[in-house]
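Tertiary structure, described
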Amino acid sequence: MADLNQLLGKIAEVRDAIKSSADGLQDRRAVYETRKSFLEKSGRIGQLMKYMKEIEPAQKADFGKKVNELKSWAVDYFDSLDERMKQKELQSRYESEKIDITLPSTHRQVGCLHPVTQVRNQLIDVFSGMGFTIYEGSEIENDYYNFTALNTPKDHPARDMQDTFYLSPEFLLRTQTSSGQIHVMEKQKPPIKILSPGKVFRSDDDATHSPMFSQMEGLVVDKGITLGDLQGMLDVFVKKIYGDDTRTRLRPSYFPFTEPSVEVDVSCFECGGKGCNFCKHTGWIEVLGAGIVNRKVLENCGIDPDVYSGLAFGIGIERTAMLKYGINNIKQLFESDIRVLSQIDDN
């Protein structure tokens, strides 16, 4: 049998070990780890209970009482030590976060929206003011919506693998937001007046083209729609974007989904139409393509072309931004050079 006095000495040793271990503790994490080493079931205080089987039965109550007293004292001791460490850490934090109000303030540069985003918002504001609603379609389309429903025959160059990013024989990255027009016309009967902005993708890359760019398609379908309605809308658009003195000009062109089709030019906003380097001395700048919706496209969507007609136009948002802000290389809109982007803020 173990001697009770010897076991009481072990209790005193554990108490002294707790006190001495506290001398080197620097933070609450260290207090927590030390506390575990003494107070967990397998810790040094818990290990004292294994001596219970080695003492006289009459002495077990006294020994157990002393161990419990040690445990209660240790809990209070570590709680007190944790509180002191907490106050110490708070004081250290207060010192590190102290603000010297006599120091000069730190200048924070205020950011702005990207030029493409600015122009996109401006275009939406212009056309929503004319009653257009917004439709954003999927960037992955199938062949039918991107080509066939838009009256693009199988042998059309736009289907060439060098122009279009095909994901499979059926699915592709949309080359134009015009596909959104088909989705709308299939689900909604005239009158229709929608604007479809979004990213489009083509295998084209030079100073004025990018494999990915932003486009905004407009579509109006109703009774009696003519090219005069188209030019009237575009007159409002160019004056809002390029200035009140800007004029529009329509030139014959060809698109499979419109007939007749036109290229839309605006009078040069640098020289007022007199001729300069910016407009290549022509006085005009091409800005977008448009036309009257082809009868076959309306028929494909279940709309009677003898009752309804429509107009459509497609605007390149990057091109609009480049013209408006005098950017001569489209790459500057994708390189995130703050020296360039910070100069443009129309908000």
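Look above for the structure.
These lines cover the structure that appears in this document, whether it is placed above or below. Computed from a predicted model, the values in this text were never measured in an experiment.

1. Remarks on the side chain of Asp265
With respect to the element layout, Asp265 can be found in strand 7 (residues 258-267). You can call Asp265 buried: its relative accessible area is 3%. Looking at Asp265, its side chain comes within polar contact range of the side chain of Arg249, at 2.8 Å. At 2.5 Å, the side chain of Asp265 and the side chain of Arg251 are in polar contact. In this structure, Asp265 is in contact with Arg247, Thr248, Arg249, Arg251, Trp284, Ile285 and Glu286, ignoring residues within four places of it in sequence.

2. Focus on unusual backbone geometry
Of note, the bond from Pro190 into Pro191 is cis; its omega dihedral lies within 30 degrees of zero at 5 degrees. With respect to the helices, strands and loops of the structure, Pro191 is situated in the loop between helix 7 (179-187) and strand 4 (192-201). Residues Glu259 and Pro260 are joined by a peptide bond in cis, for which omega reads 5 degrees. Here Pro260 is to be found in strand 7. One non-glycine residue, Lys280, lies in positive phi territory at about 55 degrees. Since its relative accessible area comes to 71%, Lys280 is described here as exposed. Positive phi values are uncommon outside glycine, yet Ser336 reaches one of about 55 degrees. Topologically, Ser336 is positioned in the loop between helix 10 (317-325) and helix 11 (338-341). Residue Ser336 is classed as exposed on the basis of its relative accessible area, which comes to 56%.

3. Overview of the environment of Leu123
Within the secondary structure, Leu123 is located in helix 5 (residues 115-128). Overall, the relative accessible area of 0% leaves Leu123 in the buried class. Between the alpha carbons of Leu123 and Ile315 there is a distance of 9.3 Å; along the sequence they are 192 residues apart. Excluding its chain neighbours within four sequence positions, the residues that come into contact with Leu123 are Leu195, Met216, Phe237, Ile241, Ile315 and Ile317.

4. Some remarks on the pairing of strand 4
Extensive coverage of strand 4 is indicated by the burial of eight of its 10 residues. Bridge analysis of strand 1 (residues 133-134) against strand 4 gives two bridges, and the strand direction is parallel. Looking at the pairing, Thr133 lines up with Ile194 of strand 4. In this sheet, strand 5 (residues 212-222) lies alongside strand 4 in antiparallel orientation, the contact comprising 10 bridges. Along strand 5, the bridge assignment pairs Ser196 with Glu217.

5. Examining the sheet that holds strand 8 (residues 284-293)
What the seven strands build is an open sheet, ordered 1-4-5-9-8-7-6; its pairing is mixed. In this open sheet, the two edge strands, each paired with only one partner strand, are strand 1 and strand 6 (248-255). Where strand 8 lies against strand 9 (residues 309-316), five bridges are found, and the strand directions are antiparallel. Opposite Ala290, over in strand 9, you have Phe313 as the bridge partner.

6. What to know about a nonpolar patch on the surface
On the surface, Ile140, Leu167 and Phe171 cluster together to form a nonpolar patch covering roughly 280 Å² of accessible area. Mapped onto the elements, Phe171 comes out in strand 3 (residues 171-173). With relative accessibility at 38%, the residue Phe171 sits in the partly exposed group.

About the criteria used
Here the residue numbers are simple positions, counted from 1 along each chain's written sequence. Local features in this predicted model are restricted to residues of pLDDT 70 or higher, and side-chain atom pairs are both shown and tallied only at a pLDDT of 80 or more, whereas totals for entire chains, interfaces and linings draw on every residue. Note that the side-chain values use all heavy atoms of the structure and ignore hydrogens as well as water. Only DSSP runs of H or I reaching four residues or more are called helices, and only runs of E reaching two or more are called strands; each is numbered from the N terminus. Relative accessibility decides the category of a residue: with a 1.4 Å probe and only protein chains considered, values under 20% of the type maximum give buried, values over 50% give exposed, and everything between is partly exposed. What qualifies as a polar contact is a pair of N or O atoms within 3.5 Å, subject to a donor-acceptor requirement within protein and to the restriction that residues adjacent in sequence count only when both atoms come from side chains. Contacts are assigned to residue pairs that have any heavy atoms within 4.5 Å of one another. Strand pairing is defined by DSSP finding a minimum of two bridges between the two strands. Residues form patches when they are more than 30% accessible in relative terms and have no salt bridge. Like charges link within 9 Å. Nonpolar side chains (Val, Leu, Ile, Met, Phe, Trp, Tyr) link within 5 Å. Using a 1.4 Å probe, accessible areas were evaluated by the Shrake-Rupley method; residue-level cover was limited to the displayed protein chains. Every case where a carboxyl oxygen of Asp or Glu lies within 4 Å of a side-chain nitrogen of Lys or Arg is listed as a salt bridge.

No statement about biological role is implied by the geometric values presented.
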